[in-house]
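Observations on chain architecture
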Amino acid sequence: MLEESVDARILEIMLAGAGFASGEALSRELGVSRTAVWKHIKGLRSQGYRIESVPAKGYRLVTAPDLITPADLTRGLATRRVGGRVVCLKETDSTNSVAFRMAEDGAVEGTVVIADTQSAGKGRLGRVWLSPPGVNLYCSVVLRPPISPVAACQLTFLSVVAVARAIERVTTLSPQIKWPNDILVDGKKVAGLLNEMNAETEKVNFVVLGIGVNLNMRLGQLGSTLRHPATSLLEASGQPVQRVGFTRALLEELDVLYDRFLVEGEAPIRAEWLERSAIGGRRVKVSSGDREFRGTVQGVDAFGALLVQPEQGPLETVLSGDVTL
Ligand code: BTN
């Protein structure tokens, strides 16, 4: 059994029983020595779990931290691929960079890397993604879809829709999608996605889906130099979000969408993306490279490019950039 699975089972057993779980019962149930059980209890304590231990009675879980741990996350996680392996780090430069290196070294599809804080969180177009500790979700998922490199951008539809669905599952908020990959609540950015890919001419080796969601960040932490107004789920709803619960919901939604993508392609997910879009049919200002123009959004094509009808001239296909309402 993987080390994190032993942790998960110990927590499960302690949660299932109302009182104490004896060291002997745990060792029997898990097929490991009592010394190993003790080592795992010590490990769980160092992750912030308060576990009471009473001689002749055993162990009892008193409180769990709002940390995202592999044991908590994988307990009851109903997925086929996503989250098959979970790595949680206290601090790193960027979960995307860690996941990318792990994928280069052969990490299985569905591997998830999460950090409590990032010292160099990467945003789109070379921007920095603010990543204070203890409050948000910074997560990267390794996928190995059997598709061509040109189709890889379609995976953005998946992660954006998954984040929107997860927000709806754990809050009463109504998130909206803003091209290319922002999630807005009340018109303010609450999440961003950054996909990175390793590919050959014909085939994708792997894609890293990078997902940052502002969960419990307070206004003062949001930074004053942001290009677009930002918020967090806590600021928008007034309710703190349990980080493990949100992350589990997100991984489950991503798994369902990825399954569907592999069977049916991007069309049904793009349709949901469009339904959830904040800019469909609206007049916007497009900034792409050193060009700016205004027009009305007609939709997105199968490769994620924005289709905009300017006041004059032919329909424009915008491959990258920013839009403002
Ligand atoms: C954006 O600019 O909107 C994209 C932000 C993406 C941030 C996430 S946080 C987890 C992952 N690791 C990174 O370094 N970036 C992505």
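Residues numbered from 1 in each chain as written. Predicted model: local features only at pLDDT ≥ 70, side-chain atom pairs only at ≥ 80, totals over all residues. Heavy atoms only, no water.

A few words on the overall build of the chain. The helix and strand tally for the chain stands at nine helices and 14 strands. A globule of 325 residues ought to have a C-alpha radius of gyration of about 20 Å, and the chain, at 22 Å, matches this closely. Taken over the C-alpha atoms alone, the chain extends approximately 80 × 45 × 30 Å along its principal axes. Of all 325 residues assigned to the chain, the portion counted as buried reaches 52%. Within the chain, contacts between residues at least 6 apart in sequence are counted, and of these 63% link residues at least 24 apart. Only carbon and sulfur atoms are counted for the fraction: they give 50% of the accessible area of the chain, which is about 15,000 Å². In the chain, 37 positive and 36 negative side-chain charges are present, and the distance between their average locations comes to 5 Å. (Helix = DSSP H or I, 4+ residues; strand = E, 2+ residues; numbered from the N terminus. Rg over C-alpha atoms; globule rule 2.2 N^0.38 Å. Buried < 20%, exposed > 50% of the residue type's maximum accessible area, 1.4 Å probe, protein only. Contact = heavy atoms within 4.5 Å. Areas by Shrake-Rupley, 256 points an atom, 1.4 Å probe, with all protein chains shown as cover. Lys, Arg positive; Asp, Glu negative; His and termini not counted. Charge placed at Lys NZ, Arg CZ, Asp CG, Glu CD.)

Our next topic: the site of the ligand. Residues in contact with the ligand amount to 20 residues; listed here are only the nearest, Ser 94, Gln 118, Lys 122, Arg 124 and Lys 189. Between Thr 95 and the ligand, the recorded distance is 3.1 Å, taken from a side-chain N or O atom to a nitrogen atom. Here Arg 124 contributes a backbone N or O atom positioned 2.7 Å from an oxygen atom of the ligand. A total of 420 Å² of accessible area belongs to the ligand in isolation, and the protein chains cover 98% of it. (Near = heavy atom within 4 Å. Polar contact = N/O pair within 3.5 Å; in protein donor to acceptor, adjacent residues only side chain to side chain.)

The next thing to look at is the packing of helix 6 (residues 155-170) against helix 8 (residues 243-264). Where helix 6 meets helix 8, the closest approach of the two axes is 8 Å, and the angle between their N-to-C directions is 140°. What the angle tells us is that helix 6 and helix 8 run oblique. In this structure, the crossing between helix 6 and helix 8 has a hand that is right-handed. Side by side, helix 6 and helix 8 meet where Leu 155, Leu 158, Ser 159, Val 161, Ala 162, Val 163, Arg 165, Ala 166, Ile 167, Arg 169 and Val 170 of the first sit next to Gly 245, Phe 246, Ala 249, Leu 250, Glu 252, Glu 253, Leu 254, Val 256, Leu 257, Tyr 258 and Phe 261 of the second. Considered class by class, the residues forming the contact of helix 6 with helix 8 number 16 nonpolar, two polar and four charged. (Axes fitted to C-alpha atoms, helices over the stretch in contact; angles between N-to-C directions. Parallel < 35°, antiparallel > 145°, perpendicular 65-115°, else oblique. Left-handed = near helix turned anticlockwise from the far one by under 90°. Nonpolar A, V, L, I, M, F, W, Y, C, P; charged D, E, K, R; others polar.)

In this section: the domain arrangement of the chain. According to the domain assignment, the chain consists of domain 1 (3-63), domain 2 (70-275) and domain 3 (283-324). Put simply, the middle of domain 1 and the middle of domain 3, counted by C-alpha atoms, are 56 Å apart. (Domains from an automatic or database assignment.)

It is worth spelling out the packing of aromatic side chains at this point. Tallying each qualifying case throughout the model produces two aromatic pairs. Their ring planes at 70° and their centres at 4.9 Å tell us that Phe 100 and Phe 206 sit as a pair that is edge-to-face. Here Phe 100, found in helix 5 (residues 95-104), pairs with Phe 206, found in strand 9 (residues 204-213); they are 106 residues apart in sequence, far enough to count as distant. For Phe 100, a relative accessible area of 19% gives the class buried. Of the residues examined, Phe 206 reaches a relative accessible area of 3% and is grouped as buried. (Phe/Tyr/Trp six-rings, centres within 6.5 Å; stacked < 30°, edge-to-face > 60°.)

Note that strand 7 (residues 182-185) and strand 8 (residues 188-199) share four bridges and pair antiparallel. The residue bridging Leu 184 from the neighbouring strand is Lys 189, located in strand 8. Counting the residues between successive antiparallel strands, the hairpin from strand 7 to strand 8 contains two residues, one of them, Asp 186, with a positive phi of roughly 50°. Taken together, the nine bridges between strand 8 and strand 9 define a ladder with antiparallel strand orientation. Along strand 9, the bridge assignment pairs Gly 192 with Gly 212. Counting the residues between successive antiparallel strands, the hairpin from strand 8 to strand 9 contains four residues. (Pairing = 2+ DSSP bridges.)

With that settled, the discussion passes to the pattern of salt bridges. On inspection of all chains with the given rule, the structure shows 24 salt bridges. Measuring nitrogen to oxygen at the nearest pair gives 2.8 Å for the salt bridge that ties Arg 243 to Asp 116. With Arg 243 in helix 8 and Asp 116 in strand 4 (residues 112-118), the pair connects residues that are 127 residues apart, well separated along the chain. What makes Asp 116 buried here is its relative accessible area of 15%. It is possible to trace a salt-bridge network through shared partners that takes in Arg 165, Glu 168, Arg 169, Glu 252, Glu 253, Glu 272 and Arg 276. (Salt bridge = Lys/Arg side-chain N within 4 Å of Asp/Glu carboxyl O.)

Note that Arg 276 resides in the loop between helix 9 (267-275) and strand 10 (283-288). The spatial distance from the C-alpha of Arg 276 to the C-alpha of Gln 176 is 5.4 Å, given a sequence separation of 100 residues. Residues within four places of Arg 276 in sequence aside, it is in contact with Val 161, Ala 164, Arg 165, Glu 168, Gln 176 and Ile 177.

Let us look at the sheet that holds strand 13 (residues 316-318). In spatial order, the strands read 13-12-11-10-14; together these five strands make up an open sheet with antiparallel pairing. Looking at strand neighbours, the two that pair on one side only are strand 13 and strand 14 (322-324), the edges of this open sheet. Strand-to-strand twist of the sheet, defined as the mean angle between neighbouring strand axes without regard to direction, takes the value 45°. Summarising the sheet, strand 11 (residues 291-300) and strand 12 (residues 306-310) pair through five bridges and their orientation is antiparallel. Looking across to strand 12, one finds that Gly 295 is bridged to Pro 310.

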